[in-house]
Amino acid sequence: MNFFAMGTVHNFSKQFEIQKKWEVKKKTGNFDFDPDKKHINDWFENERENNSDKTLKSITAKIEKGEELSSYEKQYLKANNPDLYRKVLHSEYEKKSFEKELEQCRTKEEVENVKFAHTAASFSALKSVQSDPNIPESAKLQFSLEELGKLKCREHIFAKFVKSGKYDELPT
């Protein structure tokens with residue numbers, strides 16, 4: 001189910017981006033210039049500058065995959081990219097919270113409800129950000145990627161929960 005949700009978030013963000021570009025082109029009548037692309041390119045360039053060294057790139061890749069960071073990597077972020085470090089701390093808090101919620105479930109149905117509630121919250125947040133005209137496209141793209149990372153992380157946590165055998169012990 002969550003693999004479907006991850007694909008859906010990706011498809012939703014791509015479709016939304018295409019739709020916005022088409023609306024802008026229809027309004028301006030200019031089908032050659034893409035004003036939103038400049039914002040997205042600026043964001044990617046900014047990310048490349050921020051991730052200029054290999055250590056930061058590898059840490060960013062681990063974060064995007066939803067993997068855990070070592071204490072060295074966290075210290076590196078704390079010293080070199082405090083904003084990203086704060087995001088990592090917040091993400092770890094969310095992971096622990098999700099794990100705790102799964103542990104407290106008494107039935108498989110409750111587990112599925114917890115998964116569904118978190119997935120629905122991601123979709124709701126994504127929809128509200130994507131439909132806000134005051135948020136630049138680059139910020140929307142970044143938010144979409146963050147939500148996708150959260151979904152991947154939750155899927156990993158759920159797989160670990162199932163592997164532990166705790167899920168199979170629960171009644172339906």
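The rules we used
Residues numbered from 1 in each chain as written. Predicted model: local features only at pLDDT ≥ 70, side-chain atom pairs only at ≥ 80, totals over all residues. Heavy atoms only, no water. Core = buried A, V, L, I, M, F, W, Y, C linked by side-chain atoms within 4.5 Å. Buried < 20%, exposed > 50% of the residue type's maximum accessible area, 1.4 Å probe, protein only. Helix = DSSP H or I, 4+ residues; strand = E, 2+ residues; numbered from the N terminus. Contact = heavy atoms within 4.5 Å. Polar contact = N/O pair within 3.5 Å; in protein donor to acceptor, adjacent residues only side chain to side chain. Expected span 1.5 Å × (residues − 1). Arc of directions from axis to C-beta.

Draft legend 1. Here's a closer look at the nonpolar core. In this structure, Phe98, Leu102, Cys105, Val111, Val114, Cys153, Ile157, Phe158, Phe161, Tyr167 and Leu170 together form the largest nonpolar core, which totals 11 residues. Elements with a minimum of two residues in this core: helix 5 (82-104), helix 6 (108-130) and helix 7 (137-163). In terms of residues, this core owes the most to one element, helix 7, which gives 4 residues. Excluding its chain neighbours within four sequence positions, the residues that come into contact with Leu102 are Val111, Val114, Ile157, Phe158 and Phe161. Grouped together as the second largest cluster of nonpolar side chains are 8 residues, Ile59, Leu69, Leu77 and Leu84 included.

Draft legend 2. Main features of the side chain of Ser144. Here Ser144 shows up in helix 7. Of note is the side chain of Ser144, whose polar atom sits 2.7 Å from the side chain of Gln130.

Draft legend 3. Broad picture of helix 3 (residues 54-65). The end-to-end C-alpha distance of helix 3 is 17 Å, a good match for the 16 Å that 12 residues give at a rise of 1.5 Å each. Among all positions of helix 3, only Leu56, Ile59 and Thr60 are buried. With its buried residues spanning 100° around the axis, helix 3 presents them on a single face. The exposed set on the far side of helix 3, more than 90 degrees from its buried face, consists of Lys54 and Lys65.

Interpretation in functional terms is not warranted from these geometric data alone.
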